[in-house]
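Okay, here's what each chain looks like letter by letter:
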Amino acid sequence: MVLVHGIWLPGYEMTVLQRRLRRRGYLCYLFRYPSLRHRPRENAARLAEFIDHIDAPILHFVGHSLGGLVIRHLFDYQPQQRPGRIVTLGTPHKPSHTAQLLYRAALLPLLGMSIDQGVVGGAPHWTGSHPLGSIAGSMGIGLGRLVPGLPKPNDGTVAVTETECPGMTDHITLPVTHTSMLFSAPVAEQTANFLAEGRFRH
């Protein structure tokens, strides 16, 4: 399994989730990438090189926030992937209202190159070649409280409706924030459920 972190974060915040998934029997690899300096497509190419060194017949992916879009780019860039399942956590599969407002306010340094076919829209269409489950948060505490018009419910940064990916297999909403979902036992449990069964336990 490959864990892909989100924007602004170094990747170490994924270690709690990594540890919980390891307890469920998954061998986890953490892919770290420059979320602001390179476009999601470029980071997907780096991810493709990273997984080339993983010797496993089945390869799952778990992506937080922007990380889920990097995974979508990977499957568009190299569609012939090994069998496996994908879980995205708080990923704005639809254009992020928060990111769009930051972009319009000329706060581009906060988003860097993540806007190119990324958080403000334009990510590759998901073909549904592999099962994809999306987890959303509904505890609206965070940056989004300062952003007018963010649809409710939301996780404080991304609206629940924005986490709905056309062609996804399943979707679930849990009472967590955009960041706290990485440290949530129920999120880890539902992630493991989807990886094992291809469905969340509603």
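Before reading further, recall that the structure is shown in the block above.
These figures come from a predicted structure and were not determined experimentally. (Residues numbered from 1 in each chain as written. Predicted model: local features only at pLDDT ≥ 70, side-chain atom pairs only at ≥ 80, totals over all residues. Heavy atoms only, no water.)

Novice: Looking at this structure, I do not really get the pairing of strand β3 (residues 61-64). What am I missing?
Specialist: Regular strands place side chains that alternate from one sheet face to the opposite one. Here β3 shows two buried faces, one formed by F61 and G63 and the other by V62 and H64. Relative to β3, strand β1 (residues 2-4) is paired through three bridges, and the arrangement is parallel. Among the inter-strand pairings, L3 is bridged to a residue of β3, identified as V62. Pairing analysis gives four bridges linking β3 to strand β4 (residues 86-89), with the strands arranged parallel. Of the residues in β4, the one forming a bridge with V62 is V87. At this point the chain moves from β3, through helix α3 (residues 66-77), to the parallel β4, and the crossover so formed is right-handed. (Buried < 20%, exposed > 50% of the residue type's maximum accessible area, 1.4 Å probe, protein only. Helix = DSSP H or I, 4+ residues; strand = E, 2+ residues; numbered from the N terminus. Pairing = 2+ DSSP bridges. Right-handed = clockwise from strand over helix to strand, strands pointing away.)

Novice: Would you explain helix α1 (residues 15-23) in this entry?
Specialist: Since one α-helical turn is 3.6 residues long, residues separated by three or four positions face the same way. Inspection of α1 places V16, L17, Q18 and L21 among the buried residues, and these make up the whole buried set. Along its buried surface, α1 packs onto β1, β2 (29-31), β3, β4 and α5 (185-197). Two residues or fewer after α1 comes G25, characterised by a positive phi angle close to 100 degrees. (Contact = heavy atoms within 4.5 Å.)

Novice: Help me out: how do you make sense of the packing of helix α2 (residues 40-51) against α3 in this one?
Specialist: When two helices pack together, their arrangement is captured by the angle between the axes and the distance separating the axes. Packing of α2 against α3 brings their axes to within 8 Å, and their N-to-C directions diverge by 70 degrees. Compared by their axis directions, α2 and α3 come out roughly perpendicular. Together, P40, R41, N43, A44, A45, L47, A48 and I51 of α2 and L66, V70, I71, H73, L74, D76 and Y77 of α3 make up the contact between the two elements. (Axes fitted to C-alpha atoms, helices over the stretch in contact; angles between N-to-C directions. Parallel < 35°, antiparallel > 145°, perpendicular 65-115°, else oblique.)

Novice: Can you help me understand the packing of α1 against α5 in this one?
Specialist: For the pair α1 and α5, the least separation of the axes is 10 Å and the interaxial angle reads 50 degrees. It follows from the interaxial angle that α1 and α5 lie oblique. Regarding α1 and α5, the two cross each other, and that crossing is right-handed. Residue-level contacts link L17, R20 and L21 of α1 to A185, A188, T191 and A192 of α5. The class makeup of the residues in the contact of α1 with α5 is five nonpolar, one polar and one charged. (Left-handed = near helix turned anticlockwise from the far one by under 90°. Nonpolar A, V, L, I, M, F, W, Y, C, P; charged D, E, K, R; others polar.)

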